[in-house]
Amino acid sequence: EVVVVESGGGSVQAGGSLRLSCTANGFTFDSYDMSWYRQGPGNECELVSSLRIDGTTFYGDPVKDRFTISQDNAKKTMFLQMNGLKPEDTGVYYCASPGWMEHCAYWGRGTQVSVSS
């Protein structure tokens, strides 16, 4: 059974925007640092962004100044606003806690993001 449900992906042209959502199934994010990861053609699980329970954020160098991570007040849904998308952003996006043993392709099915030139 899934622990999280990722949604909001799609196919866009370079420079476009998408907003991804991650909904918790049976828990809230208030006790967990949470992150977005992505898995591209190389099959590497790449950390994209993190939102810690103390409110601090982290962004990987490739997405700095383009992506914004946030959560709703109920701590049930996490978002990733993606602006200025590039073809290199193409991949399957997953959400997970950095403290969990698995990050990609485990807790949820992920959501596909495809960016064309």
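A brief structural summary. Please read these numbers as outputs of a predicted model, since none were measured by experiment. (Residues numbered from 1 in each chain as written. Predicted model: local features only at pLDDT ≥ 70, side-chain atom pairs only at ≥ 80, totals over all residues. Heavy atoms only, no water.)

## Quick notes on the pattern of salt bridges
Then step 1. Scanning the model with the defined rule gives 4 salt bridges in all.
Then step 2. Between K64 and D61 there is a salt bridge; the shortest N-O distance is 2.8 Å.
Then step 3. By relative accessible area, K64 is classed as partly exposed at 42%.
Then step 4. Residue D89 pairs with R66 through a salt bridge whose shortest N-O separation is 2.8 Å. With D89 in the loop between β8 (77-82) and β9 (91-96) and R66 in the loop between β6 (57-59) and β7 (67-71), the pair connects residues that are 23 residues apart, well separated along the chain. Each member of the pair, D89 as well as R66, carries the same accessibility label: buried.
Then step 5. One network of salt bridges, in which partners are shared, links R38, E46, R66 and D89. (Salt bridge = Lys/Arg side-chain N within 4 Å of Asp/Glu carboxyl O. Buried < 20%, exposed > 50% of the residue type's maximum accessible area, 1.4 Å probe, protein only. Helix = DSSP H or I, 4+ residues; strand = E, 2+ residues; numbered from the N terminus.)

## What about the sheet that holds strand β10 (residues 111-116)?
Then step 1. Read across the sheet, 6 strands follow the order β2-β10-β9-β4-β5-β6 without closing on themselves; strand pairing throughout is mixed. Strands with a single pairing partner mark the edges of an open sheet, and in this sheet they are β2 (10-13) and β6. With direction set aside, neighbouring strand axes in the sheet form an average angle of 25°. (Pairing = 2+ DSSP bridges. Axes fitted to C-alpha atoms, helices over the stretch in contact; angles between N-to-C directions.)

## Considerations on the sheet that holds β8
Two orientations exist for strands paired in a sheet by backbone hydrogen bonds: parallel and antiparallel.
Then step 1. Read from one edge to the other, the open sheet built from 4 strands follows the order β1-β3-β8-β7, with strand pairing classed as antiparallel. For this open sheet the edge positions go to β1 (4-7) and β7, each flanked by a neighbour on one side alone. On average, each strand axis in the sheet is inclined to that of its neighbour by 15°, with strand direction left out of account.
Then step 2. Here β1 runs beside strand β3 (residues 18-24); their pairing, made up of 4 bridges, is antiparallel. Looking across to β3, one finds that S7 is bridged to S21.

## Observations regarding the state of the cysteines
Then step 1. Evaluation of the coordinates by the stated rule reveals 2 disulfides.
Then step 2. The side chain of C22 participates in a disulfide bridge whose partner is C95; the two sulfur atoms lie 1.8 Å from each other. Its torsion about the S-S bond being 60°, the disulfide of C22 and C95 is classed as right-handed. With C22 in strand β3 and C95 in strand β9, this pair connects stretches of sequence that are 73 residues apart.
Then step 3. In this structure C22 comes out as buried when scored by relative accessible area, which is 0%.
Then step 4. Put simply, C45 and C104 are joined by a disulfide, and their sulfur atoms are 1.9 Å apart. Sign of the S-S torsion, about 80° for the bond between C45 and C104, identifies this disulfide as right-handed. Residue C45 is located in strand β5 (residues 45-51), and its partner C104 is located in the loop between β9 and β10; the two are separated by 59 residues in the primary sequence.
Then step 5. Assessed through its relative accessible area of 32%, C45 is described here as partly exposed.
Then step 6. The class of C104 is buried, set by a relative accessible area of 11%. (Disulfide = S-S within 2.5 Å.)

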